[in-house]
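Below are the chains, spelled out letter by letter.
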Amino acid sequence: MAGDDEELMRRAIEMAASVRATTSPNPWVGCVIATVDGATFEGATQPPGGPHAEIVALAAAGERARRATLYSTLEPCAHHGRTPPCTDAIIAAGVSRVVVGVADPDPLVAGRGTAALRRAGVMVELGLCAEEVSAQLQPYLKHRTTGRPWVVLKLAVSLDGRTAAPDGTSRWITGEAARTDAHRLRAESDAVLVGAGTVRADDPSLTVRAVGGPDPQRVVLGSAPDDARIRPAWEVSGDLGDVLDDLGQRGVMQLLVEGGAGVAHGFHAAGLVDRYVFYLAPVLFGGDDGRPLFAGPGAPTIDEVWRGRIVDVTPLGGDLRVELATAGEPAGR
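This report concerns the structure included in the present document.

**Some words on the packing of aromatic side chains**
Link 1 in the chain: Inspection of the entire model under this criterion finds two aromatic pairs.
Link 2 in the chain: Taking 6.2 Å as the distance between ring centres and 20 degrees as the angle between the ring planes, the aromatic pair formed by Tyr276 and Phe278 counts as stacked.
Link 3 in the chain: A relative accessible area of 3% means that Tyr276 is categorised as buried.
Link 4 in the chain: Residue class for Phe278 comes out buried when judged on its relative accessible area of 11%.
Link 5 in the chain: Seen in terms of ring centroids, Tyr276 and Trp306 are 4.9 Å apart; in terms of plane orientation they differ by 50 degrees. Their pairing is tilted. Taken as a pair, Tyr276 in strand S12 (residues 275-281) and Trp306 in the loop between strand S13 (291-292) and strand S14 (308-316) lie far apart in primary sequence, 30 residues in all.
Link 6 in the chain: Residue classification places Trp306 among the partly exposed positions, given a relative accessible area of 34%.
Link 7 in the chain: Taken together, the ring pairs connect Tyr276, Phe278 and Trp306 into an aromatic cluster.
Link 8 in the chain: The lysine or arginine in question, Arg20, covers the ring of Trp28, its NZ or CZ lying 3.8 Å from the ring centre.

**Overview of unusual backbone geometry**
Link 1 in the chain: For the bond running from Arg231 to Pro232, omega is 0 degrees, close enough to zero to count as cis.
Link 2 in the chain: Positive phi is not limited to glycine here, since Cys129 has a value of about 55 degrees.
Link 3 in the chain: Its place among the elements puts Cys129 in the loop between strand S5 (123-126) and helix H5 (130-136).
Link 4 in the chain: Positioned with a positive phi, Ala210 is a non-glycine residue whose angle comes to about 75 degrees.
Link 5 in the chain: Take Ala210: it is sitting in the loop between helix H8 (196-202) and strand S9 (217-221).
Link 6 in the chain: Of the residues examined, Ala210 reaches a relative accessible area of 65% and is grouped as exposed.

**Brief notes about the nonpolar core**
Link 1 in the chain: One finds Ile33, Leu58, Leu70, Val95, Val98 and Leu137 to be the most contacted residues of the largest nonpolar core, which totals 41 residues.
Link 2 in the chain: Elements supplying a minimum of two residues to this core: helix H1 (2-17), strand S1 (30-34), strand S2 (40-44), helix H2 (53-61), strand S3 (69-74), strand S4 (97-102) and helix H6 (138-146).
Link 3 in the chain: Of all the elements, H1 adds the most residues to this core, at five residues.
Link 4 in the chain: What Ile33 contacts, discounting residues up to four positions off in sequence, is Ala39, Thr40, Phe41, Ala57, Leu58, Ala61, Ala68, Thr69 and Leu70.
Link 5 in the chain: Counting 24 residues, the second-largest nonpolar core is a separate cluster that includes Val219, Leu240, Leu255 and Val273.

Parameters at a glance
- Residues numbered from 1 in each chain as written.
- Predicted model: local features only at pLDDT ≥ 70, side-chain atom pairs only at ≥ 80, totals over all residues.
- Heavy atoms only, no water.
- Phe/Tyr/Trp six-rings, centres within 6.5 Å; stacked < 30°, edge-to-face > 60°.
- Buried < 20%, exposed > 50% of the residue type's maximum accessible area, 1.4 Å probe, protein only.
- Helix = DSSP H or I, 4+ residues; strand = E, 2+ residues; numbered from the N terminus.
- Lys NZ or Arg CZ within 6 Å of the ring centre and 35° of its normal.
- Core = buried A, V, L, I, M, F, W, Y, C linked by side-chain atoms within 4.5 Å.
- Contact = heavy atoms within 4.5 Å.

Quick look at the structure:
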């Protein structure tokens, strides 16, 4: 069954990916039920207040869930929240075996789900495709273990490392495909943050366009003008670590940092970025007077440069999307 198990768990991972932008503050989870006669039924977590992935799949399977194997990317819950416990429904349906990708670190779950299933006589296996599932759920797992959001720093940049011309103009460095992908990243984020200088200079709306999905909560580091298009927005200030603690307490699991160069430098220099996303355009400003990626002092020697690793390179029209992770972080999007 090992090969079938992996195939079905990877299908559950695909189901989770399909709802990535719609489940927050709940995790995006996928589920597949394999019946004794070889049929499969699928489910993914619905928007807040709706059923979890396991309940969706159980409803699709009906009576055929009896003696079936259920594959879930995340440990089923065993507590009452917006919805009843998934473990109760799994046990009532007569499922005989549950295969889980990763344990849920949420204190309300944290092993209680698998324990409840085992007490009821359900066979439970934990850790199948754990690396892939952990990569997919990185924002949720970080938020539940540290209280802080997963921080993604996104920048559009020329091949000679510039984000804008000397006069500040930057529209458009990248092409339409890259800009559409950046909107997908916004839709997957609970909040998007920019500095007050960017608000005054560019007056961005920071809404989601070109793709389906909700607008993120807008956050300004500093104060925004009363008539700024970014409003309504949260205004924050002070130590960036404290800012992340505050945003985490407000339920932000993924924070997208979009600029400007001073804000980007601040998060980078403080070691607060979990994932860097660069949209590289085949553009050359051809001098040293264009606006840089980071505004502030950098590494004084080659021995002190920040070194990560490239985890993804994707062509987008004529541009490239390059993701950098801190050394040791699993790949995944």
